[in-house]
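Take a look at the letters that make up each chain.
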Amino acid sequence: MACTTNDVVTALRAAAATVAEHRVELTDLDRPIGDADHGENMHRGFTALTAALDGAVPETPGAVLKLVATTLISKVGGAAGPLYGTAFLRAATAVGQAPELDTAAVVAALRAGLDGVVARGKAEVGDATMVDALARAVEAAEAATSDGVAAVLTAAADAADEGANSTIPLVARKGRASYLGERSIGHLDPGARSTALLLRAFAEAR
Ligand code: ADP
Ligand code: MG
Ligand code: MG
């Protein structure tokens, strides 16, 4: 089953609801290893996105993804804004002007998003960032391509949870948490957690 523009909007509204629900949790994760603003940053961005979508829904999935990118870049700020913004911008470019996204397009969008985050932030798997969640998600999505969009998104969300949890024992090597060196060990990375939450929302959106 393909993803229509409406499906993409529904998924993004679900993501905004999840971010609102987990706002305090994300900020609490950012307190010991950062500056205690990740939940607020994400919430600001997704609130603005919801407002933009209430105004007018773009015509294609790619145009919606581009709106997400520009909104997050201008509203989230910090490290996460440009990183998520780049992810959605690359995803938008990957899907082009197609009126609907088939499974391969969804997987390609996820891969393009990861490539964008890596190009922008230069983090590798194991650096304890959102890349740890997103890279695992993309691998799982690619492995599930033949099973359809729903299976791809569920596989991505499950793998992102594992990838996020994998950051706990790691020394952070990028972003503010890296300033702590070994003292960053024992903490779940807030951006990895938000990536897992977004992918779970996409997988469960109806
Ligand atoms: P800031 O650190 O500017 O306050 P946020 O708190 O909103 O920004 O986001 C922090 C998150 O951004 C981190 O938890 C991490 O996942 C992610 N991050 C920071 N730097 C990088 C990077 N270079 N590559 C990938 N992710 C990064
Ligand atoms: Mg922060
Ligand atoms: Mg900050």
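- Under an unreviewed UniProt entry, the name given to the protein chain is Dihydroxyacetone kinase, phosphoprotein-dependent, L subunit, and the organism recorded is Saccharomonospora xinjiangensis XJ-54.

### Quick notes on the environment of Leu12
Phase 1: Tracing the backbone through its elements, the reader meets Leu12 in helix α1 (residues 5-21).
Phase 2: Residue class for Leu12 comes out buried when judged on the 25 C-beta atoms lying within 10 Å of it.
Phase 3: Along the chain, Leu12 and Glu142 lie 130 residues apart, while their C-alpha atoms are 21 Å from each other.
Phase 4: Each residue touching Leu12, except ones within four places of it in the same chain, is listed here: Leu49, Leu53 and Val68.

### What about the site of ligand 1?
Phase 1: The local shell around ligand 1 holds 24 residues, among which Gly78, Gly121, Thr129, Gly175 and Gly191 are the closest.
Phase 2: Of all the secondary structure elements, the ones that give two or more residues to the shell around ligand 1 are α3 (38-55), α5 (80-95), α6 (103-121), α7 (130-143) and α9 (190-204).
Phase 3: Considering each element in turn, the shell around ligand 1 owes the most residues, three residues, to α9.
Phase 4: Along the lines of polarity and charge, the residues of the shell around ligand 1 split into nine nonpolar, eight polar and seven charged.

### Brief notes about the nonpolar core
Phase 1: Counting residues in hydrophobic clusters, the biggest one holds 66 residues, and the most contacted among them are Phe88, Leu134, Ala137, Ala141, Ala156 and Ala160.
Phase 2: The leading source of residues in this core is α5, at 10 residues.
Phase 3: Look past the residues within four positions of Phe88 in its chain and what remains in contact with it is Leu65, Val68, Ala69, Leu72 and Gly113.
Phase 4: Membership of the second largest hydrophobic core comes to five residues, among which are Ile33, Leu170, Ala172 and Ala177.

### Regarding the packing of α6 against helix α8 (residues 149-165)
Packed helix pairs are specified by the crossing angle of their axes together with the interaxial distance, meaning the distance between the axes.
Phase 1: The N-to-C vectors of α6 and α8 enclose an angle of 25°; their axes lie 9 Å apart at closest approach. Classified by the angle between their axes, α6 and α8 sit roughly parallel to one another. Pair α6 / α8 crosses with right-handed handedness. Across the interface between the two elements, Thr103, Val106, Val107 and Leu110 from α6 touch Val149, Val152 and Ala156 from α8.
Phase 2: A breakdown of the residues in the contact of α6 with α8 according to their chemical character gives six nonpolar, one polar and no charged.

### Observations concerning the UniProt feature "domain: DhaL" (unreviewed entry) in the protein chain
Phase 1: The UniProt record annotates "domain: DhaL" (unreviewed entry) at residues 6-204.
Phase 2: Between the C-alpha atoms that bound residues 6-204 there is a distance of 15 Å. The span itself is 71% helix and 0% strand.

### So, the environment of Leu26
Phase 1: The topology assignment puts Leu26 in helix α2 (residues 23-33).
Phase 2: For the pair Leu26 and Thr86, spaced 60 residues apart in sequence, the C-alpha to C-alpha distance is 21 Å.
Phase 3: Non-local contacts of Leu26, meaning those with residues more than four positions away in its chain, are made with His38, Gly39, Met42, Pro190, Arg193 and Ser194.

### Thoughts on unusual backbone geometry
Phase 1: Phi at Lys122 is positive, roughly 60°, even though this residue is not glycine.
Phase 2: On the secondary structure map, Lys122 appears in the loop between α6 and α7.
Phase 3: Phi at Ala128 takes a positive value of approximately 65°, unusual for a residue other than glycine.
Phase 4: By the secondary structure assignment, Ala128 is in the loop between α6 and α7.
Phase 5: On the basis of neighbour counts, which here come to 29 C-beta atoms within 10 Å, the residue Ala128 falls in the buried class.

Basis of the calculations
The written sequence of each chain sets the order in which its residues are numbered from 1. Both sets of labels track the order of writing: A upward for chains, 1 upward for ligands. Restriction of local features to residues with pLDDT of at least 70 applies here, the model being predicted, together with a cutoff of 80 or more for giving and counting side-chain atom pairs; totals for whole chains, interfaces and linings are based on all residues. Put simply, DSSP marks the helices as runs of H or I at least four residues long and the strands as runs of E at least two long, and each gets a number from the N terminus on. Our exposure labels follow a C-beta count within 10 Å of each residue's own C-beta, placed from the backbone: buried means 20 or more other C-beta atoms, exposed means 12 or fewer, and partly exposed covers the counts in between. A residue pair is marked as a contact if its C-beta atoms, positioned from the backbone, fall within 7 Å. As a rule, any residue with its backbone-derived C-beta atom within 6 Å of a molecule or strand is reported as near that molecule or strand. Each residue is assigned to one of three groups, with Ala, Val, Leu, Ile, Met, Phe, Trp, Tyr, Cys and Pro labelled nonpolar, Asp, Glu, Lys and Arg labelled charged, and all others, Gly among them, labelled polar. In these notes, a nonpolar core means any group of buried Ala, Val, Leu, Ile, Met, Phe, Trp, Tyr and Cys residues linked to one another through C-beta atoms within 7 Å. Between N-to-C directions, angles span 0 to 180 degrees; the directions come from axes that are lines fitted to C-alpha atoms, helices contributing only their stretch in contact. Any angle that falls under 35 degrees is termed roughly parallel, while one over 145 is termed roughly antiparallel, one within 65 to 115 roughly perpendicular, and all others oblique. We call a crossing left-handed when the near helix sits turned anticlockwise from the far one by less than a right angle, and right-handed when that turn is clockwise. UniProt positions are given in the numbering used here, feature names are shortened, and annotations may be inferred rather than shown by experiment.

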